[in-house]
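These are the residues of each chain, in order.
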Amino acid sequence: MHGAGVIREDEHDPYRRAEKWPDGTQCPQCRAVMHRGAWRWASEPPAATPAATSGQSRHSSSPHLCPACQRIRSHDAAGVLVIDAELLAGRHDQIRATIQAIARAEEREHPLERILAFEASAQGPWTIETTGLHLVRRLGHGLERATGSVLSTRYLQGEAKAVMHLSR
Ligand SMILES: [Zn+2]
């Protein structure tokens, strides 16, 4: 999928101005580290509860939140995926497992691509909000393939935000 998108979200995304973070900056929330202009996971894979870490950082850089944690804090999603209730009928477990597998793989590779909110009611529809456009696109296209559904996409805010919709 790399390079497949025509949109350079870094140019549109107000949360991702790299010049704000010198090399070695560590996010105090999730512990991702700025390295050569990109956020990377420090040494270990992301913890399930980043806030529960001991806080014994050896990095002395200024404690700025990374773009993903800023979005989570202000609940400002870059991507929104809505899954129709009738598409969910009878396969909640399958769809939930697909979402979790895609999100885990994407987050491992890209620290700024995380699920920000996931509203999964029994009756549907489901709404998933993400901190990045990569993740919402991977979820949308992955579920489109896995379920044989129809995916539509709208871009907002000068292509900084994507709203995707999956229906039967
Ligand atoms: Zn962070």
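By convention here, each chain's residues receive numbers from 1 onward along its written sequence. Restriction of local features to residues with pLDDT of at least 70 applies here, the model being predicted, together with a cutoff of 80 or more for giving and counting side-chain atom pairs; totals for whole chains, interfaces and linings are based on all residues.

**What to know about the overall build of the protein**
Consideration 1: Along the backbone of the protein there are five helices and seven strands.
Consideration 2: Distance between backbone-placed C-beta atoms decides contact: two residues are in contact if it is within 7 Å. When contacts within the protein are restricted to residue pairs at least 6 apart in sequence, those whose partners lie at least 24 apart make up 62%. Working definition: helices are DSSP H or I runs of at least four residues, strands are E runs of at least two. Numbering for both runs from the N terminus.

**Comments concerning the environment of G142**
Consideration 1: Here G142 lies in helix α5 (residues 133-147).
Consideration 2: C-beta crowding within 10 Å serves as the criterion here: with 19 such atoms nearby, G142 is assigned to the partly exposed category.
Consideration 3: Linking G142 and T98, residues 44 residues apart in sequence, is a C-alpha distance of 7.8 Å.
Consideration 4: What G142 contacts, discounting residues up to four positions off in sequence, is T98 and I102. Put plainly, a residue is buried at 20 or more neighbouring C-beta atoms within 10 Å of its own, exposed at 12 or fewer, and partly exposed in between, counting only other residues' C-beta atoms, which are placed from the backbone.

**Re the confidence of the model for the protein**
Consideration 1: The predicted model of the protein averages 85 in pLDDT, with 80% of residues at 70 or higher.
Consideration 2: Note on scores: pLDDT gives the predictor's confidence for each residue, bounded by 0 and 100. Across residues 1-7, confidence stays below pLDDT 50; counting only partners more than four residues off in sequence or on other chains, it has four contacts.
Consideration 3: Scored below 50 in pLDDT, residues 48-62 shows 15 contacts in the model against residues more than four places distant or in partner chains.

**Details of the pairing of strand β4 (residues 115-120)**
Consideration 1: Paired strands are those between which DSSP finds at least two bridges. Strand direction decides the pairing type here: β4 and strand β5 (residues 126-130), joined by five bridges, are antiparallel. The residue of β5 that forms the bridge with A117 is E129.
Consideration 2: In this structure, the hairpin formed by β4 and β5 is closed by a connection of five residues, where G124 is found at a positive phi of approximately 70°.

**What about the nonpolar core?**
Consideration 1: For this analysis, nonpolar core means a set of buried Ala, Val, Leu, Ile, Met, Phe, Trp, Tyr and Cys residues linked through C-beta atoms within 7 Å. If you look at the biggest cluster of nonpolar residues, it comprises 33 residues, and the most contacted ones within it are C66, L81, I83, V136 and L139.
Consideration 2: The greatest single-element share of this core, amounting to five residues, is contributed by α5.

**Details of unusual backbone geometry**
Consideration 1: A cis amide bond, omega -5°, links G124 with the succeeding residue P125.
Consideration 2: Look at Q157: it is not a glycine, yet its phi comes out positive at around 55°.
Consideration 3: Inspection of the secondary structure puts Q157 in the loop between β6 (150-156) and β7 (161-167).
Consideration 4: Look at Q157 and you get exposed, because 11 C-beta atoms sit within 10 Å.
Consideration 5: The phi angle at E159 is positive, at roughly 70°, despite the residue not being glycine.
Consideration 6: Mapped onto the secondary structure, E159 falls in the loop between β6 and β7.
Consideration 7: The partly exposed category is assigned to E159, around which 15 C-beta atoms lie within 10 Å.

**As for the sheet that holds β7**
Consideration 1: Within the open sheet, the five strands sit side by side as β4-β5-β3-β7-β6. Their pairing is mixed. The sheet terminates laterally at β4 and β6, the two strands that pair on one side only. Geometrically, the sheet is characterised by an average inter-axis angle of 10° between neighbouring strands, direction not taken into account.
Consideration 2: Of the pairings in the sheet, the one linking β6 to β7 comprises seven bridges and is antiparallel in character. Within β7, the position partnered with T153 by the bridge is M164. Each axis is a line fitted through C-alpha atoms, taken for helices only over the stretch in contact, and angles between the N-to-C directions span 0 to 180 degrees.

**What about helix α2 (residues 67-74)?**
Consideration 1: Within α2, the full set of buried residues consists of P67, A68, C69, R71 and I72.
Consideration 2: Tucked inside the fold, the buried residues of α2 contact β4.
Consideration 3: Taken from the residues just after α2, H75 is the one with a positive phi, measuring 45°.

**A word on α5**
Consideration 1: In this analysis, the expected span of each helix is defined as 1.5 Å times one less than the number of residues it contains. Taking 1.5 Å of rise per residue, the 15 residues of α5 would be expected to cover 21 Å, and the 21 Å separating its terminal C-alpha atoms lies within 8% of that figure.
Consideration 2: Turning to α5, its buried residues are L133, H134, L135, V136, R137, R138, L139, G140 and L143.
Consideration 3: Positive backbone phi, approximately 60°, marks G148, located one or two places after α5.

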